[in-house]
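Observations on the model geometry
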Protein chains: 2
Amino acid sequence: MAGPTLRDVARRANVSIRTVSNVVNGYAPVSDELRSRVQAVLDELEYRPNLIARNLRQGRTGMIALVVPELDVPYFAELAREVITAARAHGYVVMIDQTDGDAEHERALLGRDSRATMFDGLLLSPLTISAKELRERGNRVPIVLLGEHIYNGSFHHVAMDNVAAAHDATAHLLGLGRTRVAAIGDQPYATGETAQLRTIGYRQAHARRGLPVAEELVVPTARFHRRLGAEAMDRLLALPEPPDAVFCYNDLLALGAIRALTRAGVRVPEDVAVVGVDDIEEGLYSTPSLTTVAPDKSVIARTAVDTLLSAINGTASSGAAEIVVPHRLIVRESTAG
Amino acid sequence: MAGPTLRDVARRANVSIRTVSNVVNGYAPVSDELRSRVQAVLDELEYRPNLIARNLRQGRTGMIALVVPELDVPYFAELAREVITAARAHGYVVMIDQTDGDAEHERALLGRDSRATMFDGLLLSPLTISAKELRERGNRVPIVLLGEHIYNGSFHHVAMDNVAAAHDATAHLLGLGRTRVAAIGDQPYATGETAQLRTIGYRQAHARRGLPVAEELVVPTARFHRRLGAEAMDRLLALPEPPDAVFCYNDLLALGAIRALTRAGVRVPEDVAVVGVDDIEEGLYSTPSLTTVAPDKSVIARTAVDTLLSAINGTASSGAAEIVVPHRLIVRESTAG
DNA sequence: CATGATGTCTACATCGTTGCAGAGCCCTAC
DNA sequence: GTAGGGCTCTGCAACGATGTAGACATCATG
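Being a predicted model, the structure only gives us computed values, none of them experimental. The residue numbers shown here count from 1 along each chain, following its written sequence. Here chains are named by letter from A upward and ligands by number from 1 upward, in the order in which they appear as written. A pLDDT threshold of at least 70 governs which residues receive local features in this predicted model, and a stricter bar of 80 or more applies before side-chain atom pairs are shown or counted, although totals over entire chains, interfaces and linings include all residues. The basis for every side-chain value is the complete set of non-hydrogen atoms in the structure, without hydrogens or water.

Two faces make up the sheet, and in a regular strand the side chains alternate between them. Residue and element names in this part refer to chain A. Type-normalised accessible area, obtained with a 1.4 Å probe on protein chains alone, sets the label of each residue: buried when under 20%, exposed when over 50%, and partly exposed for intermediate values. Each helix is a run of H or I in the DSSP string that is no shorter than four residues. Each strand is a run of E no shorter than two, and both are numbered from the N terminus. Neither face of strand β4 (residues 143–146) is left uncovered, since the one carrying Ile143 and Leu145 and the one carrying Val144 and Leu146 both have all their residues buried. The rule for pairing is simple: two strands pair if DSSP sees at least two bridges between them. The pairing of strand β3 (residues 121–124) with β4 spans 3 bridges and is classified as parallel. Bridging from a neighbouring strand, leucine 122 pairs with isoleucine 143 of β4. Bridge count for β4 against strand β5 (residues 156–160) is 3 bridges, and the pairing is parallel. Paired with leucine 146 across the strands is valine 158, a residue of β5.

The structure is reproduced here in structure tokens:
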């Protein structure tokens, strides 16, 4: 099973281990004659460097870990793609773990037996774990947080402005002349910080127009899945006075809501306009196509990776970076009459 | 940056390195008194074992790599999720890499400088690389191939029966009384083996009913994406005699096709029925919801991981395993009148 | 009291690689 | 002639952990 080592090659070529290493890495000067002799043996034995040993010696692995709640949520899949691409540009590979939003699993990541020490750095998109816990359990591995929660300066953090994003989406709906704009996705409890920020933006947009928020139109959901979006929409449709527009806290909720509306014979956008957040590709091909607030995933990924690598290399400026990436509203059929 | 090592703990507790190691691992007997003294120092210094060193010593990393063409293709994202879950059950973590279907990238994976040696095994879902190349470049790491290509016994291989799956989908459409059933997704060139198998099944279903295949209804696509499905559908609709049903080689193509049909004012399924393959969650919430051939992704993932771990542990039965996982047709709105 | 079994703990070698210091050798220059 | 400087090449130590063997007490046994 185990392949040949530098020693095996060295013995066979009658040179020192160090010289073989030099040939492999092209480091120190090796005469052409010797180089080709060693190379021949390397080829013959099909030598492959043992990266674990190399890593131990060099104190780094060239791997970063990306931790997301659910990989089959398109937003995270698309983000993962960008992260992998961004990391590759710097010679890094990415290990992906998913927590299923399970707090225990997120904690285990940082605990004593975690594999975190195997990575040069961590990109974390935590759903449930709080900033306080992170601080207490934080290990020596550099961490960059992605897109969720409020961490007021304890960690590097990359995210879009959730309040502004929600405001823009809601303002768009109000600007269409809709008067009963619902919100699907609030999470008014400890770990739902992203959702809470979006609710703030939703209210802000109403306040700026001097409009009241009808509280029965704000529907919480435990998660951001299609099914929960459909269920929430069903409940809204059952109201005595149903909404004429819905701001969903992500695209999956929105697609579920559209599905519920279509099934109920309600026209989108004529009767109810729908906006989501995330700009997943699916929204481009749905019927109707989905208006959404698009964070720049590519910028998020590149920024996060760059920030993490700076931290790893110690070239980071002091203090925790708080980076806000731009977002923009993309209007499609679900709101365009 | 670097944390305390066993040596640091040992010095501080006035014991040997080995004893600290024993306390950490609970191996050899250590007296209660000494154990708690060492444990106190471990806690005080917040010792975390260096997994790289441990891995070097033990010759394994507890990591496997999953290589897929595109992570943001829902099928692969959902599969990745299952693989991560299956691996975790065995104490393994999963590194995910994506090749973008790029042959060079796939080759680099197996080449001299690949990081493959850092993993105990590889799960490979190759798009372009051929079996021959794999054999020639194969390194010492155990490999299990997923779902694509024909490898006639050179490697462990897990996949559904593509011919039967395509047959079932096509037969379903023909069974609805449709007479012009199109096929979207053929890839009649070297590396499109999965597509070719599906074309065989498509033809087989026609042959069994004694029906001819109208060749203009078989539309190739370079990849299996929504956009290409929509474009292919547009071309089919432009035919003098358009189809009344479409078998798409995966769900994304099907969703793109449905989008094109809806945009053209063609009713699904009344005018054109649509079937896909993969059973991605998106198809459950599309309008109309999507009839599809569902491979059991969970079984695929578990089987692949089990097979790989057997190979890693040397407990594999001799020879390359060729495992066929079951599939079933799930009828939804896109074909159910 | 000698013997051996048992229970704790330690020293050393080792995994495969790279950093470092220096050993030879040849050549030039004074 | 020999000192000095480049080239090549080598040996040793180290990264941080674990496997193995054995040292050293303690204790029961004959």
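What follows picks up the thread again.
Further remarks concern the packing of aromatic side chains. Residue and element names in this part refer to chain A. For this analysis, a ring pair means two rings from Phe, Tyr or Trp (six-membered ring only for Trp) whose centres lie within 6.5 Å, classed as stacked if their planes differ by under 30 degrees, edge-to-face if by over 60, and tilted for the remaining angles. In total, this model carries 4 aromatic pairs over all chains according to the counting rule given. Geometrically, the ring pair formed by tyrosine 75 and phenylalanine 76 is edge-to-face, given 5.4 Å between the ring centres and 70° between the ring planes. One exposure class covers both tyrosine 75 and phenylalanine 76, and it is buried.

The contact rule is simple, with two residues in contact once any of their heavy atoms fall within 4.5 Å. If you look at the interface, chain B gives 66 residues, while chain A gives 66 residues. Joining two parts hides part of their accessible area as seen by a 1.4 Å probe, and the buried area is that hidden amount summed over both. Here chain B and chain A share an interface that buries about 5,900 Å² over both sides, 53% of which is from carbon and sulfur atoms. Considering only the surface of chain B that becomes buried against chain A, B:Arg140, B:Arg259 and B:Tyr285 emerge as the three largest contributors, covering 14% of it. In this structure, A:Arg81 engages B:Glu70 in a salt bridge whose closest nitrogen and oxygen atoms are separated by 3.8 Å. Polar contacts here mean pairs of N or O atoms no more than 3.5 Å apart (in protein, one a potential hydrogen donor and the other a potential acceptor; neighbouring residues in sequence count only if both atoms are side-chain atoms). Put simply, chain B and chain A have 18 residue pairs in polar contact (both at pLDDT 80 or more) between them. For the side of chain B that touches chain A, the secondary-structure elements that each account for two or more residues are α3 (32–45), α4 (51–58), α5 (74–88), β2 (93–98), α6 (103–110), α10 (226–237), α11 (251–263) and α12 (282–285) of chain B. Classifying every residue of the side of chain B that touches chain A by side-chain character gives 27 nonpolar, 19 polar and 20 charged. Between Lys or Arg on one side and Asp or Glu on the other, a salt bridge is scored when a side-chain nitrogen of the former is within 4 Å of a carboxyl oxygen of the latter. Note on residue classes: Ala, Val, Leu, Ile, Met, Phe, Trp, Tyr, Cys and Pro are nonpolar, Asp, Glu, Lys and Arg are charged, and everything else, Gly too, is polar.

What follows concerns the protein's contact with DNA strand D. Taken together, 28 residues lie around DNA strand D, and A:Thr19, A:Ser31, B:Leu6, B:Ser21 and B:Tyr47 are the ones closest in. If even one non-hydrogen atom of a residue comes within 4 Å of a molecule or strand, that residue is called near it. In DNA strand D, the atoms that sit within 4 Å of the protein are 68% sugar and phosphate, with bases accounting for the remainder. Within the side chain of B:Arg18, one N or O atom sits 3.0 Å away from a base nitrogen of DNA strand D. The side chain of B:Ser21 places a nitrogen or oxygen atom 2.6 Å from a phosphate oxygen of DNA strand D.

All names here are of chain B. Multiplying 1.5 Å by the helix residue count minus one yields the expected span of that helix. The terminal C-alpha atoms of helix α8 (residues 162–175), which comprises 14 residues, lie 20 Å apart, in line with the 20 Å expected from a rise of 1.5 Å per residue. By the criterion of burial, α8 is predominantly enclosed, with 11 of the 14 residues buried. Listed in full, the buried residues belonging to α8 are Asn162, Val163, Ala165, Ala166, His167, Ala169, Thr170, Ala171, His172, Leu173 and Leu174. Residue aspartate 161 occupies the N-cap position of α8, its side-chain oxygen lying 3.2 Å from the main-chain nitrogen of valine 163. One or two residues past the end of α8 sits glycine 177, with phi positive at roughly 90°.

All names here are of chain A. Domain extents, as shown, originate in an automatic or database domain assignment. Domain annotation for chain A reports domain 1 (6–49), domain 2 (63–160 + 297–325) and domain 3 (162–295). Between domain 2 and domain 3, the contact holds 15 residues from the first and 18 residues from the second. Across the domain 2 to domain 3 interface the summed buried area is about 1,400 Å²; carbon plus sulfur atoms make up 53%. In this assembly, domain 2 and domain 3 are joined by 1 salt bridge. Ionic pairing is found between glutamate 70 and arginine 223, a salt bridge with its closest N-O pair at 3.3 Å. Where domain 2 meets domain 3, there are 8 residue pairs in polar contact (both at pLDDT 80 or more). Looking at the side of domain 2 that touches domain 3, the elements with two or more residues in it are α5 (74–89) and α13 (297–313). Of all the elements, α5 adds the most residues to the side of domain 2 that touches domain 3, at 3 residues.

Think of it this way: side chains of opposite charge can pair up when their charged atoms draw near. By the definition in use, this model includes 34 salt bridges over all chains. Taking the shortest distance from any N to any O, the salt bridge between B:Arg12 and B:Glu44 comes out at 2.4 Å. Placement of B:Arg12 in helix α1 (residues 6–13) and of B:Glu44 in helix α3 is noted, with a sequence separation of 32 residues between them. Judged by relative accessible area, B:Glu44 falls into the partly exposed class, the value being 47%. A cluster of three or more residues bridged by salt bridges with shared partners is formed by A:Glu70, A:Asp72, A:Asp100, A:Arg223 and B:Arg81.

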